[in-house]
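Read off the chains here:
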Amino acid sequence: MNQISNVAVLGAGVIGASWTTLFLASGRDVTVYDPAPDAETKVKTYIETAWPSLEALGLTSGATAGRVSFSSTAAEASASADFIQENVPERLPLKHAIYAEIEPVLSRTAIVSSSTSGLTLEALQEGWQNPANFVLGHPFNPPHLIPLVELTANEGTDPAALDRTEAFYEAIGKVTIRIRKGMPGHVANRLQAAVWREAVYMAVEGVASVEDIDKAMWAGPGLRWAAMGPTMLFHLGAGDGGLQAFCDHFRETFNGWWEGLGDPRLDEDVIGKLVAGMNEQARGRSPRELSEERDRMLVALQAATRSLRDRASE
């Protein structure tokens, strides 16, 4: 694999700033492009705030937060990059314009990975003359703390580019999955959309408060899901009989639950009920304060489980 030492980040909102922090922590030089006049200030503030979490996870050994620079154009940022993480807003014409700007200056082996969560690979490839080194690398927010990256490629992608992308992400501590069939929302967002749909339905139906529904998740299945996925956990739920025995025993139970799942829509009335419930749960704490609390817990969870996770993968 060609060495990836210079990384460009195009688009420096929350996702781009988080990626920048992680790339810096891995010891790379990072060049950032974002047209917002205050982008540099915001990115540097984000790095300063997020760096202690990465230090606590042991991800900054030999790295410095100072190896970041800022360019006035996407082409300038990308010209000397080995790897480009694109995070511009989810508007197809805007992404195509960025691709048209950077493609002429890219090195032959440079990889471009898009963080898109809602656009398909095929639609994005239309913005390229040659999309062989273009992939989707969708992170989970915040990328510097949540390991998951969902990779999507197709017949227009050079298989070597996908392999290099996966190896690079794993080298900086990410956990990758390969999506074999592109769908809106990829995999993880579709899973959380399905769970949230039922949470919204139960809140609107008055089954429990917004806070108690959230509590049921983090104090119940959320703990198990942080260790293993739902299918593996059900495989363990029937003892030696495994998943076959679980399905034999609970097939009618789950079929009944699935038939009774709700199908709410985020109209003004539903949104109002959710916001009111969230305001009660937040108890005056700002989104920034709650985000800091979330990040502390994410760091603690990963630190506590890292050795077990590493041992399981050996």
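Look up a bit, the structure's there.
Residues numbered from 1 in each chain as written. Predicted model: local features only at pLDDT ≥ 70, side-chain atom pairs only at ≥ 80, totals over all residues. Heavy atoms only, no water.

Enquirer: Could you give an account of the overall build of the protein chain, naming the residues involved and the relevant values?
Expert: Each helix and strand in the protein chain was counted, giving 13 helices and eight strands. A globule of 314 residues ought to have a C-alpha radius of gyration of about 20 Å, and the protein chain, at 21 Å, matches this closely. Counting only C-alpha atoms, the protein chain reaches 60 × 45 × 40 Å along its principal axes. Considering the protein chain as a whole, with its 314 residues, one finds that 39% of them fall into the buried category. Long-range contacts, defined here as pairs at least 24 residues apart, represent 69% of the contacts in the protein chain between residues at least 6 apart. When the accessible surface of the protein chain is split by element, carbon and sulfur atoms take 56% of a total near 17400 Å². (Helix = DSSP H or I, 4+ residues; strand = E, 2+ residues; numbered from the N terminus. Rg over C-alpha atoms; globule rule 2.2 N^0.38 Å. Buried < 20%, exposed > 50% of the residue type's maximum accessible area, 1.4 Å probe, protein only. Contact = heavy atoms within 4.5 Å. Areas by Shrake-Rupley, 256 points an atom, 1.4 Å probe, with all protein chains shown as cover.)

Enquirer: Can you tell me about the packing of aromatic side chains, naming the residues and giving the values?
Expert: On inspection of all chains with the given rule, the structure shows 16 aromatic pairs. When the ring of Phe-83 is compared with that of Tyr-169, the centres are 5.5 Å apart and the planes differ by 80 degrees; the resulting orientation is edge-to-face. With Phe-83 in strand S4 (residues 83-86) and Tyr-169 in helix H6 (residues 159-171), this residue pair connects regions lying 86 residues apart in the sequence. One aromatic cluster is present, formed by Phe-234, Phe-246, Phe-250, Phe-254, Trp-257 and Trp-258 through successive ring pairs. (Phe/Tyr/Trp six-rings, centres within 6.5 Å; stacked < 30°, edge-to-face > 60°.)

Enquirer: Describe the sheet that holds strand S3 (residues 68-71), and please don't skip the residues or the numbers.
Expert: A sheet is described by the order of its strands in space; here eight strands give the open sequence S3-S2-S1-S4-S5-S6-S7-S8, paired in mixed fashion. Since the sheet does not close on itself, it has two edges, and those belong to S3 and strand S8 (175-179), each with one partner. In this sheet, neighbouring strand axes are inclined to one another by 25 degrees on average, regardless of whether the strands run parallel or antiparallel. (Pairing = 2+ DSSP bridges. Axes fitted to C-alpha atoms, helices over the stretch in contact; angles between N-to-C directions.)

Enquirer: Give a description of the packing of helix H7 (residues 188-204) against helix H12 (residues 268-282) that names residues and reports values.
Expert: One way to put it is that H7 packs onto H12 with a least axis distance of 10 Å and a crossing angle of 85 degrees. Between H7 and H12, the interaxial angle falls into the category roughly perpendicular. Together, Trp-196, Val-200, Ala-203 and Val-204 of H7 and Val-270, Lys-273 and Leu-274 of H12 make up the contact between the two elements. (Parallel < 35°, antiparallel > 145°, perpendicular 65-115°, else oblique.)

Enquirer: Account for the side chain of Ser-113, naming residues and giving values.
Expert: Looking at where Ser-113 falls in the secondary structure, it is placed in strand S5 (residues 111-114). A polar atom in the side chain of Ser-113 sits 2.8 Å from the side chain of Tyr-169. Ignoring anything within four residues of it in the chain, the contact list for Ser-113 reads Phe-83, Ile-84, Gln-85, Glu-86, Val-135, Leu-136, Gly-137 and Tyr-169. (Polar contact = N/O pair within 3.5 Å; in protein donor to acceptor, adjacent residues only side chain to side chain.)

Enquirer: Provide a residue-level description of the nonpolar core, including the pertinent values.
Expert: With 26 residues, the main nonpolar core has Trp-19, Phe-23, Phe-83, Phe-168, Tyr-169 and Ile-172 as its most contacted residues. Contributing elements (two or more residues each) for this core: strand S1 (6-10), helix H1 (14-25), strand S2 (29-33), helix H2 (39-56), strand S7 (148-152) and H6. Of the residues forming this core, the biggest block, six residues, is contributed by H1. When near neighbours in sequence (up to four residues on either side) are disregarded, Phe-23 contacts Val-7, Val-9, Arg-28, Val-30, Gln-85, Phe-168 and Ile-172. (Core = buried A, V, L, I, M, F, W, Y, C linked by side-chain atoms within 4.5 Å.)

Enquirer: Any chance you could break down the pattern of salt bridges for me, citing the residues and the numbers?
Expert: Counted under the stated rule, the structure contains 16 salt bridges. A salt bridge links Arg-288 to Glu-292; the shortest N-O distance between them is 3.6 Å. Pair noted here: Arg-288 and Glu-292 are both in helix H13 (residues 287-312), with a separation of four residues, about one helical turn. Through salt bridges with shared partners, one network takes in Glu-86, Glu-90 and Lys-95. (Salt bridge = Lys/Arg side-chain N within 4 Å of Asp/Glu carboxyl O.)

Enquirer: Break down helix H11 (residues 242-259) for me, with residues and values.
Expert: Relative to the 26 Å expected for 18 residues at 1.5 Å per residue, H11 spans 25 Å between its end C-alpha atoms, a close match to the ideal helical length. If you look at H11, its biggest bend is around 65 degrees, right at Phe-250. For H11, every residue scored as buried is listed here: Gly-242, Phe-246 and Phe-254. Elements in contact with the buried residues of H11: helix H10 (230-236). (Expected span 1.5 Å × (residues − 1). Bend = angle between axes of the 7 residues up to and from the residue.)

Enquirer: Describe H2, and please don't skip the residues or the numbers.
Expert: Spanning 18 residues, H2 covers 26 Å between terminal C-alpha atoms, matching the ideal 26 Å at 1.5 Å per step. Of all the bends in H2, the largest measures some 35 degrees and sits at Ala-50, one to four residues before the proline Pro-52. Along H2, the residues classified as buried are Ala-39, Val-43, Ile-47, Ala-50, Trp-51, Ser-53 and Leu-54. Just past H2, the residue Gly-58 takes up positive phi, approximately 75 degrees.

Enquirer: Explain the pairing of S4 to me, and be specific about the residues and the numbers.
Expert: A two-sided burial pattern is seen for S4, the buried positions comprising Phe-83 and Gln-85 on one face and Ile-84 and Glu-86 on the other. Pairing geometry for S1 and S4, over four bridges, is parallel. Each bridged residue has a counterpart across the sheet, and for Val-9 the counterpart in S4 is Gln-85. As paired elements, S4 and S5 share four bridges and run parallel to each other. When the sheet's bridge partners are listed, Phe-83 is paired in S5 with Ile-111. Once you follow S4 into helix H4 (residues 92-102) and on to S5, the crossover reads as right-handed. (Right-handed = clockwise from strand over helix to strand, strands pointing away.)

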